[in-house]
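# Structural description and commentary
Next come the chains, spelled out residue by residue.
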Amino acid sequence: MRSLKYLGRLLKEIGGYAKEHKAWWLIPLVIILILLSLVILAGQGITLPFIYTLS
């Protein structure tokens, strides 16, 4: 749970930076990185049992 608090704080800092410096291109980049990390984490949980059945 602590890591979610830090993630929320990080996202808040990035949002504040983008607003202050008018770097709106940063927001879609962060969203894409978060979605990509979720896909990777979900993929690791799904493919792990199948690796052991192939060997």
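Okay, so let's go over this structure.

### A few points about the overall build of the protein chain
Within the protein chain, the regular secondary structure consists of two helices and zero strands. Taking all 55 residues of the protein chain together, 7% fall into the buried category.

### Thoughts on a nonpolar patch on the surface
Residues Trp 24, Ile 27, Ile 31, Leu 35 and Leu 38 make up a contiguous nonpolar surface patch of roughly 500 Å² in combined accessible area. As for its placement among the helices and strands, Leu 35 is situated in helix H2 (residues 26-54).

### Topic: unusual backbone geometry
Residue Lys 22 is not a glycine yet carries a positive backbone phi of 55°. Considering the arrangement of structural elements, one finds Lys 22 in the loop between helix H1 (2-21) and H2. When its relative accessible area of 62% is taken as the criterion, Lys 22 is described as exposed.

### Quick notes on H1
The end-to-end C-alpha distance of H1, which contains 20 residues, comes to 29 Å, matching closely the 28 Å that a straight helix rising 1.5 Å per residue would cover. Lys 22, located one to two residues past H1, shows a positive phi value of around 55°.

### With respect to the environment of Ile 27
Checked against the element boundaries, Ile 27 lands in helix H2. Taking the C-alpha atoms as reference, Ile 27 lies 7.9 Å from Ile 14; in sequence the two are 13 residues apart. Discounting residues that sit within four places of it in the chain, Ile 27 has contacts with Gly 15 and Ala 18.

What counts and what doesn't
- Residues numbered from 1 in each chain as written.
- Predicted model: local features only at pLDDT ≥ 70, side-chain atom pairs only at ≥ 80, totals over all residues.
- Heavy atoms only, no water.
- Helix = DSSP H or I, 4+ residues; strand = E, 2+ residues; numbered from the N terminus.
- Buried < 20%, exposed > 50% of the residue type's maximum accessible area, 1.4 Å probe, protein only.
- Patch = residues over 30% accessible without salt bridge, like charges linked within 9 Å, V, L, I, M, F, W, Y side chains within 5 Å.
- Areas by Shrake-Rupley, 256 points an atom, 1.4 Å probe, with all protein chains shown as cover.
- Salt bridge = Lys/Arg side-chain N within 4 Å of Asp/Glu carboxyl O.
- Expected span 1.5 Å × (residues − 1).
- Contact = heavy atoms within 4.5 Å.

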